Structure formats: structure tokens, C-alpha cells
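Here's the letter readout for the chains.
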Amino acid sequence: MGRAHEVRAASMAKTAAMKSSKYAKWGKEILAAAKAGVPDPEMNQSLKRTIERAKKDQCPADVIKRAIAKAQGLNSGATKEITYEGYGPGKVAMIVECLSDNNNRTYTEVRTAFSKTGGAIGTSVNYLFNRKALFSFEGMSEDEAMEALLEAGLDFEELSTDEEGFVNIVAQPSDCNAIKDALLQAKPELEFEQASVEMVPSNYVELDADHLEKFKRLMETLRELDDVNEIYHNAKLEDEE
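Residues numbered from 1 in each chain as written. Predicted model: local features only at pLDDT ≥ 70, side-chain atom pairs only at ≥ 80, totals over all residues. Heavy atoms only, no water.

Undergrad: Would you mind going over the overall build of the protein chain with me for this structure?
TA: Counting its secondary structure elements, the protein chain contains 8 helices and 8 strands. Expected size for 241 residues packed as a compact globule is a radius of gyration near 18 Å; at 18 Å, the protein chain falls within 12% of this value. Overall, the protein chain is about 50 × 45 × 30 Å in size when its C-alpha atoms are taken along their principal axes. Residue pairs in contact within the protein chain that sit at least 24 positions apart in sequence constitute 72% of those at least 6 positions apart. (Helix = DSSP H or I, 4+ residues; strand = E, 2+ residues; numbered from the N terminus. Rg over C-alpha atoms; globule rule 2.2 N^0.38 Å. Contact = heavy atoms within 4.5 Å.)

Undergrad: Help me out: how do you make sense of the pairing of strand β5 (residues 158-161) in this one?
TA: For a regular strand, side chains alternate in direction, first toward one face of the sheet and then toward the other. As defined by bridge partners, β5 adjoins strand β6 (residues 167-171) across 4 bridges and the pair is classed as antiparallel. Bridged to Glu158 within β6 is Val170. (Pairing = 2+ DSSP bridges.)

Undergrad: What is the right way to look at the side chain of Thr117 in this model?
TA: Structurally, the position occupied by Thr117 is in the loop between α5 (103-115) and β3 (120-121). A relative accessible area of 7% means that Thr117 is categorised as buried. When neighbours within four sequence positions are excluded, Thr117 is seen to be in contact with Pro89, Lys214, Arg217 and Leu218. (Buried < 20%, exposed > 50% of the residue type's maximum accessible area, 1.4 Å probe, protein only.)

Undergrad: What exactly am I supposed to notice about the packing of α5 against helix α8 (residues 209-224) here?
TA: Each pair of packed helices can be summarised by the angle the axes make with each other and by the distance between the axes. Their axes nearest at 9 Å, the elements α5 and α8 cross at an angle of 165°. Of the possible angle classes, the one that applies to α5 and α8 is roughly antiparallel. Both α5 and α8 take part in a crossing whose hand is right-handed. Together, Val110, Ala113 and Phe114 of α5 and Leu218, Thr221 and Leu222 of α8 make up the contact between the two elements. Here the residues of the contact of α5 with α8 are counted per class, giving 5 nonpolar, 1 polar and no charged. (Axes fitted to C-alpha atoms, helices over the stretch in contact; angles between N-to-C directions. Parallel < 35°, antiparallel > 145°, perpendicular 65-115°, else oblique. Left-handed = near helix turned anticlockwise from the far one by under 90°. Nonpolar A, V, L, I, M, F, W, Y, C, P; charged D, E, K, R; others polar.)

Undergrad: Honestly, helix α6 (residues 142-151) in this entry has me stumped. Any pointers?
TA: Note that an α-helix has 3.6 residues per turn; residues three or four places apart therefore point the same way. Taken together, the buried positions of α6 are occupied by Ala145, Ala148 and Leu149. Around the axis of α6, the buried residues are gathered within 95° of arc, so they sit on the same side. Of the exposed residues in α6, the ones pointing more than 90 degrees away from its buried face are Asp143, Leu150 and Glu151. The elements touched by buried residues of α6 are β4 (129-137), β5, β6 and α7 (176-186). Immediately beyond the C-terminal end of α6, within one or two residues, lies Gly153, with a positive phi of roughly 70°. (Arc of directions from axis to C-beta.)

Undergrad: What am I meant to see in the sheet that holds strand β1 (residues 80-87) here?
TA: In a beta sheet, neighbouring strands pair by backbone hydrogen bonds and run either parallel or antiparallel. Pairing is antiparallel across the open sheet formed by 4 strands, whose spatial order is β3-β1-β2-β8. Two strands lie at the open edges of the sheet, namely β3 and β8 (228-233), each paired on one side alone. Where β1 lies against strand β2 (residues 93-100), 8 bridges are found, and the strand directions are antiparallel. Looking at β2, one finds that Gly86 is bridged to Met94. The sheet contacts of α5 involve β1, β2, β3 and β8, and relative to β2 the element is tilted by about 150°.

Undergrad: Looking at this model, I keep getting lost on the confidence of the model for the protein chain. Mind explaining?
TA: Segments scoring low in pLDDT should not have their predicted coordinates read at a detailed level. Residue-level pLDDT values for the protein chain average 86, and 90% of them are 70 or greater. No element of the protein chain has a lower mean pLDDT than helix α1 (residues 3-15), which averages 51, and none a higher one than β3, which averages 97. Counted against residues more than four places away or in other chains, residues 12-19, with its pLDDT under 50, gives 19 contacts. (pLDDT = per-residue confidence, 0-100.)

Undergrad: Mind showing me how you'd approach the pattern of salt bridges here?
TA: Two side chains that carry opposite charge are able to pair once their charged atoms sit near each other. Applying the stated criterion across every chain, the model contains 13 salt bridges. Between Arg105 and Asp101 there is a salt bridge, with the nearest N and O atoms lying 3.0 Å from each other. Residue Asp101 is classed as exposed on the basis of its relative accessible area, which comes to 54%. When salt bridges that share partners are traced, they join Glu29, Arg53 and Lys180 into one network. (Salt bridge = Lys/Arg side-chain N within 4 Å of Asp/Glu carboxyl O.)

Undergrad: Help me out: how do you make sense of unusual backbone geometry in this one?
TA: Among all residues save glycine, negative phi is the norm, and among peptide bonds the norm is trans. Unlike most non-glycine residues, Gln58 shows phi in positive territory, near 65°. The topology assignment puts Gln58 in the loop between α3 (45-56) and α4 (61-76).

Undergrad: How should I be thinking about the sheet that holds β5 in this particular structure?
TA: Read across the open sheet, the 4 strands follow the order β5-β6-β4-β7; overall the sheet is antiparallel. Two strands lie at the open edges of the sheet, namely β5 and β7 (192-201), each paired on one side alone. The mean inter-strand angle of the sheet, taken between neighbouring strand axes irrespective of direction, is 20°. The pairing of β4 with β7 spans 9 bridges and is classified as antiparallel. Within β7, the position partnered with Ala133 by the bridge is Val197. Here α6 sits on the sheet and contacts β4, β5 and β6; the angle it forms with β5, its principal contact strand, is near 155°. Across the sheet, α7 lies against β4, β6 and β7, angled at about 160° from β7, the strand it touches most.

Right, here's the structure in full:
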């Protein structure tokens, strides 16, 4: 099925249990588009298109507003990006990206979540991951996608179609917005299952039943924290988990 399918499956499994995961995905895409340019849809066409697609998918207005507000806060200096690294239950490498206006509060909440499940932050695990731009979508063939990218003069690491019919692209993070724009220019109605920059693990860790249960509790706790924006890990999970 190819590396691109494995990457997409791992990323989809990572967020499958998140409450209102569809809206969380839109919030993340809007935040990324706003951070990549001006956090104003009238001055940022990529952001404007993303918001239009989110509204079409019935994404609540408050999710859109919060994402733009976060981007504006980052630009004003009121909100900062904070990243915590460490190991969760069963020696799962984890990276937790946060957006916070209070470093002490965020650190305490994240550290407590880890310690309650037998994990700990403070150890660098970044070297176990590679940052990649990942895309997954239906409605455009592999050949059409390749033609759109080649016409735009864009490079990619892998482009393939999985057995579910999704076209998957793996590329360098710096090309994320350009690739998304090129695909939308070729087919404006194209809807992405995924279109974002992710930390992809270079290897995965299998968990026994006890560590798996603790890991799930840790993930649930972290996802409920307002300051947590994204969680990456190298736990090997089934798609439904």
C-alpha cells in the first residue's frame, strides 16, 4: 500500500477518538493558513478558501473564530507556541504542541497528565520524528494531481493512490501551502481528508494491554486541555483506536 498510506493511516488513527474531530481538523487547518500569512481572510486567499470549505462542511462559527484568534494572538505576542517532549506509558515517544498565554499553567497541566499515567516530559524525542506535509483526498486522480503539481513547478516525495481510493502525497513542509493551492486551482471543489504538516514517526512502539489503556487515558486528558493544539506519538495503534 505504500509509505503514504501508512502515514495517512497513522495520522487518522491518532485523531480518530477526538471529540468533534472533524471540527478540530478544520480549526487546525484554519490556524495553519492564518499563521502562514495575514490572519485576515480578506487579505489571505488561502485562509479565505479554507474558511469557505469549513463552512460548507458545517464547521461551527466559534471554531473558526477561535482558530483565527489564536493566530492573531501569536502575531501580537499574547499567545506563544510551546512544545513539550517526553515519553508516555510503555516508552511511547510523544511531542505535545501547545498555544498558551500562561507558560506555568500549561506546563503544570501537561506534566500532571503525563505523571498520572507513568510518563514524563523533559526528554528530547524530536529525533524520532520527521516533519512532513501530508495530503489525502478524493475527487482527483493520481495523474491529475501529478499534472497540477508539475505545472506549478512543485516537488513531492511520494504520490500514490491507496486501496480506499484516496490520493496521498508526502512532501516537504515548506511546500505545504503551495501544493494545496495548486491542487485547489486545478480543482476548486476538491475536499481534503488531510492537508497539513505533521510529525511522522520513523518507527513505532507496540504496547501491551496495560500500557495501551494508560496511553489512551493520557491522550484523552491531553485532548481535553484547552492549550493543547496537537499531539504526536509513535504508538502503534489499530485504525479504529
